[in-house]
Amino acid sequence: MNQLPLYKKLLKHFGKQHWWPTTTNNPQFEIIIGALLTQQSAWRNVEKAIENLKKEGLLTPKAIAETNIHKLEACVKPTGFYKQKARRLRKFAQYIQKQYSGNLELIFSKPLEEARKELLSLEGIGAETADSILLYAAEKLIFPIDAYTTRVCERLGIAKGNYNELQHFFHSNLPKNLEVYKEMHALIVELGKNYCKTKPVCPSCPLRKQCSFYTSKTKT
DNA sequence: TCCCAGGCAGGGC
DNA sequence: GCCCTGCATGGG
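Residues numbered from 1 in each chain as written. Chains lettered and ligands numbered in written order. Predicted model: local features only at pLDDT ≥ 70, side-chain atom pairs only at ≥ 80, totals over all residues. Heavy atoms only, no water.

A. Structural context of the protein's contact with DNA strand C. The immediate surroundings of DNA strand C are formed by Gln-40, Arg-44, Asn-45, Lys-48, Lys-77, Pro-78, Gly-80, Phe-81, Tyr-82, Lys-83 and Gln-84. The protein-proximal atoms of DNA strand C, defined as those within 4 Å of the protein, are 62% sugar or phosphate. In this structure, Phe-81 approaches DNA strand C through a main-chain N or O atom, which is 2.9 Å from a sugar or linking oxygen. When contributions to the surface near DNA strand C are tallied by element, the ones reaching two or more residues are α3 (43-55) and α6 (82-100). A breakdown of the residues in the surface near DNA strand C according to their chemical character gives three nonpolar, four polar and four charged. (Near = heavy atom within 4 Å. Polar contact = N/O pair within 3.5 Å; in protein donor to acceptor, adjacent residues only side chain to side chain. Helix = DSSP H or I, 4+ residues; strand = E, 2+ residues; numbered from the N terminus. Nonpolar A, V, L, I, M, F, W, Y, C, P; charged D, E, K, R; others polar.)

The following block contains the structure:
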């Protein structure tokens, strides 16, 4: 099964999503900060937090590694779970600073599976966050599976299973193209944010005719 | 007022 | 392995 038609349909409907937005000259590290902060919180609140960090000069591994934890907590407060996020952010910065002198390329240039395992071993980095970092910061061909992706796949009836199974599905059915991977993940999130909520079908969803609730329970 | 947001970790079973 | 809970602020 080729998922390029789905990609084109979503792209036409929603337009380019321009993920992952960054504002500094250290985009890789900023993407990682965003990936940790956006967990279970809206992106607009992440933007507030990153703006706070920028004002305090806290957008480099060295600065975050050395900062006072309470200052960091105040910056990331808008994203919620601020104590654990501040701690995870500082621990990550300290790790990168100590092991690699702040140079992320030294991790990203490792073999993909090795880099992924290393990220997963750090506090606060699970499968989705690791894969988002690898796709958007390291620019590796790896597809993140988030809650929206699971929900959308189920409702469209295109795939089901655990994280690894869904990821394997996309790896097998998407063209091996970095921009497609980046855009497809963002487009699925956009679809999930707007639709896949009501039953039996979301009236204005561009994919409503493919929705399992539509085809099984609604006629014409 | 209630529910959700671009999850993760730790516990129980 | 899967399911549950705590973590917490901001916006609809």
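B. Structural detail: unusual backbone geometry. The omega torsion of the bond from Trp-19 to Trp-20 falls at 0°, within 30 degrees of zero and hence cis. If you trace the backbone, Trp-20 turns up in the loop between α1 (4-14) and α2 (27-37). A positive phi is found at Phe-81, a non-glycine position, where the angle reads about 45°. Tracing the backbone through its elements, the reader meets Phe-81 in the loop between α5 (69-76) and α6. Positive phi outside glycine occurs at Glu-139, with the angle close to 60°. Along the chain, Glu-139 turns up in the loop between α9 (127-137) and α10 (147-156).

C. Looking closely at the packing of α1 against helix α12 (residues 178-194). The contact between α1 and α12 brings their axes to 10 Å, and the two run at 65°. In this structure, the crossing between α1 and α12 has a hand that is left-handed. For the pair formed by α1 and α12, the contact residues are Leu-6, Tyr-7, Leu-10, Leu-11 and Phe-14 on the first element and Glu-179, Val-180, Glu-183, Met-184, Leu-187, Ile-188, Glu-190, Leu-191 and Asn-194 on the second. Tallied by class, residues from the contact of α1 with α12 come to ten nonpolar, one polar and three charged. (Axes fitted to C-alpha atoms, helices over the stretch in contact; angles between N-to-C directions. Left-handed = near helix turned anticlockwise from the far one by under 90°. Contact = heavy atoms within 4.5 Å.)

D. Focus on the environment of His-70. Looking at the element boundaries, His-70 is found in helix α5. Along the primary structure His-70 and Asn-2 are separated by 68 residues, whereas in three dimensions their C-alpha atoms are 49 Å apart.

E. How the structure looks around the protein's contact with DNA strand B. In the vicinity of DNA strand B, 22 residues are found, and the nearest of them are Trp-20, Gln-40, Gly-124, Glu-128 and Thr-129. When the atoms of DNA strand B within 4 Å of the protein are sorted by group, sugar and phosphate make up 62%. Residue Thr-129 places a side-chain N or O atom 2.7 Å away from a phosphate oxygen belonging to DNA strand B. Between DNA strand B and Tyr-148, the relevant distance is 3.1 Å, taken from a phosphate oxygen to a side-chain nitrogen or oxygen of the residue. Of all elements in the fold, only α9, α10 and α12 reach the threshold of two or more residues within the surface near DNA strand B. Here the residues of the surface near DNA strand B are counted per class, giving ten nonpolar, seven polar and five charged.

F. Region of interest: the environment of Gly-124. Here Gly-124 lies in the loop between α8 (112-120) and α9. A sequence separation of 80 residues divides Gly-124 from Ser-204, and the C-alpha atoms of the two residues are 37 Å apart. Those residues in contact with Gly-124 that sit more than four places away from it in its chain are Leu-36, Gln-39, Arg-88 and Thr-129.

G. Structural view of the side chain of Asn-45. Considering the arrangement of structural elements, one finds Asn-45 in helix α3. Asn-45 has contacts with Pro-78 and Thr-79, leaving out every residue within four places of it along the chain.

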